[in-house]
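Spelled out, the chains give:
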Amino acid sequence: MAATGLPRTTRTDLARVTEALEMLAPRWSVWTVMTLAEQPLRYKEIQSQLSWLQSGQLNPRLRRLTDSGLIERTEHARNHVTYGLTARAAELLPVLTVIAAWGDEHLEKGFVRNARTGETEPERIAAAQNAEDTIALISPRHTTAILWALKARGAASAKALAAEAMPTYGLPAVYLPLDRLVADGLVVNRSTASGVGEYQLTATGRALAPVFQSLSAWAAGRPLESAGAHPLWGQTRASARIRSGPWLTTQTRLPAPAAAPSATAPAWRAGDLFSHQTPARPLQVSPAGGPRR
């Protein structure tokens, strides 16, 4: 990650969180980790649960997660190899719960008809997909640094953000990530009385607090219980519910209009990964507004 103009302790914290996001950002990484939540599995068993992935997709994911220290490969005997979570990855599962809860509450959903009641209701998205879509939103380069700078400042011009979040880059470089954050609904651009544009976090952007709190605690090796005391993102409790649903793949989902905050998220359960029958391949649904990677 490029150096920033933030205070040293914040820069160190931000670098760890950015590294954690880069570790989880490649597609299907969260699905792979959550598939192994209950017990180690052989390759064929993983493949059967992630049946839409071909070997050319699953092999590199397992290799990368093993190199990252999240998955361990154990050779029990010839032709008997299992993959399981390391202790570090097991500590990550509650963090994925928080990330998935944010996605469930804040990312837009399509509407489907309830077969039993006939009522139209928001579709249910699998916890792993909610987590992956949330990570896809905040993991692009410089995104996290800009969000943290705005959290610290409250409001800032593009010039100030370039100096603070991307000090080794010129001013024009800040506009691409800023435009993406505005399009994704995490940041708003308001004009001041003098006509100068100022950027600040939206309510949805501020609601990322529990996500960054938990990632910071995990990346630093601190207990998740201490996450709420984060010096920058503290004083915001983790959001509520995870309503895992049928397997649904979207390229990206935009934040939905802000919803009222709710209670602390319950612990994620491995059974939530596939709460309904999994189709042979993920359903292809085009999100309103298109991809925002």
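Look above for the structure.
Keep in mind that what you see is a predicted model, and the values were worked out from it rather than measured. (Residues numbered from 1 in each chain as written. Predicted model: local features only at pLDDT ≥ 70, side-chain atom pairs only at ≥ 80, totals over all residues. Heavy atoms only, no water.)

A. Expanded view of the environment of Val-187. Along the chain, Val-187 turns up in strand 6 (residues 187-191). Under the relative-accessibility criterion, Val-187 is labelled buried at 2%. Taking the C-alpha atoms as reference points, Val-187 and Gly-205, separated by 18 residues in sequence, lie 6.4 Å from one another. Those residues in contact with Val-187 that lie beyond four places of it in its chain are Leu-147, Leu-150, Leu-181, Val-182, Tyr-199, Gln-200, Leu-201 and Thr-202. (Helix = DSSP H or I, 4+ residues; strand = E, 2+ residues; numbered from the N terminus. Buried < 20%, exposed > 50% of the residue type's maximum accessible area, 1.4 Å probe, protein only. Contact = heavy atoms within 4.5 Å.)

B. Main features of the packing of aromatic side chains. Counted by the stated rule, this structure contains 5 aromatic pairs. Ring centres of Trp-28 and Trp-52 lie 5.9 Å apart, and the angle between their planes is 55°; this geometry places the pair in the tilted category. Of this pair, Trp-28 sits in the loop between helix 1 (8-24) and helix 2 (29-35) while Trp-52 is found in the loop between helix 3 (43-49) and helix 4 (55-67), placing the two residues 24 residues apart along the sequence. Relative to Phe-212, the ring of Trp-148 has its centre 5.8 Å away and its plane inclined at 70°; by these criteria the two rings are edge-to-face. Of this pair, Trp-148 sits in helix 7 (residues 143-153) while Phe-212 sits in helix 11 (residues 209-220); the two residues are 64 residues apart in sequence, bridging distant segments of the chain. The ring of Trp-218 is capped by Arg-88, whose NZ or CZ atom sits 4.0 Å from the centre of that ring. (Phe/Tyr/Trp six-rings, centres within 6.5 Å; stacked < 30°, edge-to-face > 60°. Lys NZ or Arg CZ within 6 Å of the ring centre and 35° of its normal.)

C. Up close: the nonpolar core. Membership of the largest hydrophobic core comes to 72 residues, with the highest contact counts inside it found for Leu-96, Ile-138, Ile-146, Leu-147, Leu-161, Leu-186 and Phe-212. No other element matches the 8 residues that helix 5 (residues 87-106) contributes to this core. (Core = buried A, V, L, I, M, F, W, Y, C linked by side-chain atoms within 4.5 Å.)

D. Inspection of helix 6 (residues 127-138) at higher detail. Taking 1.5 Å per residue as the helical rise, helix 6 with its 12 residues ought to reach 16 Å, and the 17 Å between its terminal C-alpha atoms agrees with that figure. Of all 12 residues in helix 6, 12 are buried, a share of seventy percent or more. Burial in helix 6 covers these residues: Ala-127, Ala-128, Gln-129, Asn-130, Ala-131, Glu-132, Asp-133, Thr-134, Ile-135, Ala-136, Leu-137 and Ile-138. Along its buried surface, helix 6 packs onto helix 1, helix 2, helix 5, helix 7 and helix 11. (Expected span 1.5 Å × (residues − 1).)

E. Expanded view of the pattern of salt bridges. Scanning the entire structure with this criterion turns up 4 salt bridges. The partner of Lys-109 in a salt bridge is Asp-104, with the nearest N and O atoms 3.7 Å apart. Of the residues examined, Lys-109 reaches a relative accessible area of 21% and is grouped as partly exposed. By relative accessible area, Asp-104 is classed as buried at 1%. Linking Glu-164 and Arg-153 is a salt bridge whose minimum nitrogen-to-oxygen distance equals 2.9 Å. Of this pair, Glu-164 sits in helix 8 (residues 158-165) while Arg-153 sits in helix 7; the two residues are 11 residues apart in sequence, bridging distant segments of the chain. (Salt bridge = Lys/Arg side-chain N within 4 Å of Asp/Glu carboxyl O.)

F. Seen up close, the environment of Glu-119. With respect to the helices and strands, Glu-119 occurs in the loop between strand 4 (111-113) and strand 5 (120-122). A relative accessible area of 52% places Glu-119 in the exposed class. The residues touching Glu-119, leaving out its near neighbours within four places in the chain, are Val-112, Arg-113 and Asn-114.

G. Local environment of helix 11. Between its first and last C-alpha atoms helix 11 spans 16 Å; for 12 residues at 1.5 Å apiece the expected length is 16 Å, and the two agree. Burial analysis of helix 11 places 11 of its 12 residues in the buried class, which makes it a mostly covered element. Taken together, the buried positions of helix 11 are occupied by Ala-209, Pro-210, Val-211, Phe-212, Gln-213, Ser-214, Leu-215, Ser-216, Ala-217, Trp-218 and Ala-219. In this structure, the buried residues of helix 11 make contact with helix 1, helix 5, helix 6, helix 7 and helix 10 (203-206). Among the residues trailing helix 11, Gly-221 stands out with phi positive, at a value near 75°.

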